[in-house]
Amino acid sequence: MDTHIMSSEQKFTEETVLWLKKHSPKHLTFAITRPEHFRFSAGQFARLGFRVGEHGYIWRAYSVTSAEYDDTLVFFVILIENGEISAHFAQLQAGDTILLDKTAQGFFLPQRFPDGRDLIMLSTGSGIAPFLSMLHQPEIWQRFDTLALAHCVSYRNDLIFNDEIAQFAEHPLVGEYVSRLRFVPMTTRETDADTLHFRLPESLKNGSLSQAFGLNFDKEHSRFMICGNPEMVQDTFKTLLDMGFAMHRNKLAGHIILENGF
Ligand SMILES: Cc1cc2nc3c(=O)[nH]c(=O)nc-3n(C[C@H](O)[C@H](O)[C@H](O)COP(=O)(O)OP(=O)(O)OC[C@H]3O[C@@H](n4cnc5c(N)ncnc54)[C@H](O)[C@@H]3O)c2cc1C
Ligand SMILES: NC(=O)c1ccc[n+]([C@@H]2O[C@H](COP(=O)([O-])OP(=O)(O)OC[C@H]3O[C@@H](n4cnc5c(N)ncnc54)[C@H](OP(=O)(O)O)[C@@H]3O)[C@@H](O)[C@H]2O)c1
């Protein structure tokens, strides 16, 4: 059976949900079939959609969390109260059909940095998604001496990827580099001995993130990628500017690449 049914519009395919896991009432991971023609680079997002009524559609952007070389596409979705597409995801089950735009998009790509030694990945909430995909790619582990990932959420139960991140040590392609990884989970609305208890901008200003990573931040070595809550992205960006870092542009190499997570 061909699970990648081409629509008459030719802009998207109809894919099948292969498995789905509800980590909490609002945290969902799921895999869908991947059409052979669908190419993406780790850090890019896909557009997923559902049919609405007889002729309508709803589309939203979702970062791919799985590897470029995987046969399936895995996504992490946080359900938003009264969110329009969230209502569709809340009903989603294995075997259901989901629409996939044929073209992946985005420039949130670590290989855009021509230099630097340490990749510092700063995320809140669902903003961890593109970094999970990057961590599956051996060339990113080879390119940087240190991969430092911070995941900041409100509550400890929102840290649903801690185990998956620990399992990179066993990964057949990247496991050998795992000593390069520093992971700092952060919670802002409850304290825990294992997590840093600051928002990201604060943790940069007060030095606690640098200390938790065991890594000094400087212009020669540090390259920052920020993804998540748009206000956080802006506040963190401004903090890094105040610390002397600059936006990276293709024609003017800098230290920071941003992605608004919603
Ligand atoms: C480049 C890009 C990549 C994205 N990747 C992901 C992803 O991997 N996983 C994911 O869950 N979402 C991701 N999103 C957000 C996603 O596209 C939708 O906006 C989200 O699922 C809400 O859609 P909705 O129709 O349910 O809510 P809507 O009715 O459209 O929006 C309700 C409001 O909820 C807030 N909101 C939206 N998304 C979030 C969120 N993730 N966390 C907290 N508040 C939010 C916004 O303020 C929004 O205005 C991404 C967005 C962009 C632009
Ligand atoms: N009604 C509520 O009280 C409430 C609370 C949380 C989330 N929500 C809603 O639930 C959904 C998903 O939430 P989520 O928790 O996954 O995502 P989120 O609200 O974006 O929070 C994720 C993390 O980002 C932090 N953050 C938010 N704004 C920031 C900023 N300007 N600078 C730095 N850090 C910032 C949060 O800190 P803080 O914990 O300090 O905010 C939290 O640690 C959204 O619809 C959200 O609006 C509602």
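Model, not experiment: these values are computed from the prediction.

Residue-level account of the site of ligand 2, with values.
With respect to spatial proximity, 16 residues lie near ligand 2, and among them Ser154, Thr188, Arg189, Arg199 and Asn229 are the closest. The side chain of Thr188 places a nitrogen or oxygen atom 2.7 Å from an oxygen atom of ligand 2. Protein chains bury 70% of the 860 Å² of accessible surface belonging to ligand 2 in isolation. Of all the secondary structure elements, the ones that give two or more residues to the shell around ligand 2 are strand S9 (146–153) and helix H7 (230–242). Per-element tally for the shell around ligand 2: the top contributor is H7, with three residues. Taken together, the residues that form the shell around ligand 2 break down as seven nonpolar, four polar and five charged.

Kindly report on the site of ligand 1, identifying the contributing residues and their values.
Taken together, 19 residues lie around ligand 1, and Ala61, Tyr62, Phe76, Ser86 and Gly261 are the ones closest in. Residue Tyr62 places a side-chain N or O atom 2.6 Å away from an oxygen atom belonging to ligand 1. Taken by itself ligand 1 offers 890 Å² of open surface, and the protein chains cover 71% of this. Those elements giving two or more residues to the shell around ligand 1 turn out to be strand S5 (56–63), strand S6 (72–78), helix H1 (84–91) and strand S12 (256–260).

Could you give an account of unusual backbone geometry, with specific residues and numbers?
Phi at Asn82 is positive, roughly 60°, even though this residue is not glycine. Following the sequence through the fold, Asn82 ends up in the loop between S6 and H1. Judged by its relative accessible area of 78%, Asn82 falls in the exposed class.

Would you mind going over the domain arrangement of the protein chain in detail, with residue names and values included?
Here the protein chain is partitioned into domain 1 (5–101) and domain 2 (110–260). Listed per partner, the contact involves 18 residues of domain 1 and 20 residues of domain 2. Taken together, the two surfaces of domain 1 and domain 2 that pack against each other cover about 1400 Å², and 63% of this comes from carbon and sulfur. At the junction of domain 1 and domain 2, the tally comes to zero salt bridges. Across the contact surface, domain 1 and domain 2 share five residue pairs in polar contact (both at pLDDT 80 or more).

Break down the packing of aromatic side chains for me, citing the residues and quoting the values.
Scanning all chains against the criterion turns up 14 aromatic pairs. Consider the rings of Phe217 and Phe224, whose centres lie 5.4 Å apart with planes at 75°: the pair is edge-to-face. Look at Phe224 and you get buried, because its relative accessible area is 0%. Among the aromatic residues, those joined into a ring-pair cluster are Phe30, Phe50, Tyr62, Phe75 and Phe89. Its end group placed over the ring of Phe144, Arg143 keeps NZ or CZ at 4.1 Å from the ring centre.

Conventions we followed
- Residues numbered from 1 in each chain as written.
- Chains lettered and ligands numbered in written order.
- Predicted model: local features only at pLDDT ≥ 70, side-chain atom pairs only at ≥ 80, totals over all residues.
- Heavy atoms only, no water.
- Near = heavy atom within 4 Å.
- Polar contact = N/O pair within 3.5 Å; in protein donor to acceptor, adjacent residues only side chain to side chain.
- Areas by Shrake-Rupley, 256 points an atom, 1.4 Å probe, with all protein chains shown as cover.
- Helix = DSSP H or I, 4+ residues; strand = E, 2+ residues; numbered from the N terminus.
- Nonpolar A, V, L, I, M, F, W, Y, C, P; charged D, E, K, R; others polar.
- Buried < 20%, exposed > 50% of the residue type's maximum accessible area, 1.4 Å probe, protein only.
- Domains from an automatic or database assignment.
- Contact = heavy atoms within 4.5 Å.
- Buried area = accessible area lost by both parts, 1.4 Å probe.
- Salt bridge = Lys/Arg side-chain N within 4 Å of Asp/Glu carboxyl O.
- Phe/Tyr/Trp six-rings, centres within 6.5 Å; stacked < 30°, edge-to-face > 60°.
- Lys NZ or Arg CZ within 6 Å of the ring centre and 35° of its normal.

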